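Understanding the architecture of this molecule
In case you want the letters, here they are:
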Amino acid sequence: MVLDANWAVKWLTLCAQAMAENRVWLIELDRAIGDSDHGENMDRGFQAVLDKLAEVPPETPGAALKLTAMTLISKVGGAAGPLYGTAFLRAAAALGDAMEVEPAAFAGALLAARDGIVARGKAEPGDKTMVDAWTPAAEAAVAAAADGAGSVLEVLVAAAEAAEAGAAATDPMVARKGRASYLGERSAGHRDPGAASSALILRAAVGAAA
């Protein structure tokens, strides 16, 4: 499997499908500890990404991610738009103009995305945010790519599985950032919606390569 522009477009298409299919779930997660709009925002944002991809088909994975970044920043409300926009923009910059993405380059892009989220949101692992999904995902991808034995698919799977585990691990956490932090101890027992949507995005990357 080659991670080229076609893969990137398929990834983003699957992201849009995942957000549509899980819109109500993400709304319910956000209703418990946020302002109930995460599912609606993510669904609307990625549908807009699909529209933009149809207008101007990207020639490289980096171009696809940059287009996604700019669209999400303009279309997604709340904290998610700037955070995801920054993540995709940093990932796009890491990939540059490469026509195909090697395993180590993808891992580097995830690391850049995570760093962008941290820089924008000022959150750390354990704060009960999307950082709790992106940090283990990036680290797992880097580890899978570093030994040289990891294929592209293995790196993608490692990232997705780590993101899913990271998202699940937010369930018992007490939020220290964002609107959920206002609830204090009452935020425990609920999954962070941003971590949940992050896991959906990284699982979609696997589906696009399968």
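Just so it is clear, the model here is predicted, and its values are computed rather than measured.

Some words on helix 2 (residues 23-33)
Residues of helix 2 that are buried: Leu26, Ile27, Leu29, Asp30 and Ile33. One side of helix 2 holds all its buried residues, which, seen down the axis, span an arc of 160°. Where helix 2 is buried, its residues contact helix 1 (5-21), helix 3 (38-55) and helix 9 (193-209).

Here we look at helix 8 (residues 152-169)
Taking 1.5 Å as the rise per residue, helix 8 with 18 residues should run 26 Å; its terminal C-alpha atoms sit 26 Å apart, in good agreement. On its buried face, helix 8 sits against helix 1, helix 6 (103-121), helix 7 (131-146) and helix 9.

Remarks on the side chain of Asp43
Relative to the elements of secondary structure, Asp43 occurs in helix 3. Using a relative accessible area of 13% as the deciding quantity, one classes Asp43 as buried. Residues within four places of Asp43 in sequence aside, it is in contact with Met19, Ala20 and Arg23.

A look at the packing of helix 3 against helix 5 (residues 80-95)
Viewed as axis vectors pointing N to C, helix 3 and helix 5 meet at an angle of 45°, and their least axial separation amounts to 11 Å. With respect to helix 5, the axis of helix 3 lies oblique. In terms of crossing hand, the pair formed by helix 3 and helix 5 is right-handed. Between helix 3 and helix 5, the residues in contact are His38, Met42 and Phe46 and Ala80, Tyr84 and Phe88, respectively. Broken down by class, the residue content of the contact of helix 3 with helix 5 amounts to five nonpolar, one polar and no charged.

Here's the deal with unusual backbone geometry
Here the phi dihedral of Ser36 falls at roughly 75°; this positive angle occurs in a residue that is not glycine. Positive phi, normally seen in glycine, also occurs at Lys128, with a value near 65°. Position of Lys128 relative to the elements: it lies in the loop between helix 6 and helix 7.

Re the nonpolar core
Core analysis: the biggest nonpolar cluster contains 64 residues, and Trp7, Trp11, Phe46 and Phe88 have the highest contact counts within it. Residue contributions to this core peak at eleven residues, all from helix 9. Sequence-distant contacts of Trp11, defined by excluding residues within four places in its chain, comprise Leu65, Phe88, Phe106, Ile201, Ala204, Ala205 and Ala208.

Some points on the packing of helix 1 against helix 9
Orientation of helix 1 relative to helix 9, taken along the N-to-C sense of each, is 135°, at an axis distance of 8 Å. As judged from the angle between their axes, helix 1 and helix 9 are oblique. Judged by the twist between their axes, the crossing of helix 1 over helix 9 is right-handed. For the pair helix 1 and helix 9, contact is made by Trp7, Lys10, Trp11, Leu14, Cys15, Ala18 and Met19 and by Ser197, Leu200, Ile201, Ala204, Ala205, Gly207, Ala208 and Ala209, respectively. Looking at the contact of helix 1 with helix 9 residue by residue, the classes come out as twelve nonpolar, two polar and one charged.

About the thresholds
Residues numbered from 1 in each chain as written. Predicted model: local features only at pLDDT ≥ 70, side-chain atom pairs only at ≥ 80, totals over all residues. Heavy atoms only, no water. Buried < 20%, exposed > 50% of the residue type's maximum accessible area, 1.4 Å probe, protein only. Helix = DSSP H or I, 4+ residues; strand = E, 2+ residues; numbered from the N terminus. Arc of directions from axis to C-beta. Contact = heavy atoms within 4.5 Å. Expected span 1.5 Å × (residues − 1). Axes fitted to C-alpha atoms, helices over the stretch in contact; angles between N-to-C directions. Parallel < 35°, antiparallel > 145°, perpendicular 65-115°, else oblique. Left-handed = near helix turned anticlockwise from the far one by under 90°. Nonpolar A, V, L, I, M, F, W, Y, C, P; charged D, E, K, R; others polar. Core = buried A, V, L, I, M, F, W, Y, C linked by side-chain atoms within 4.5 Å.

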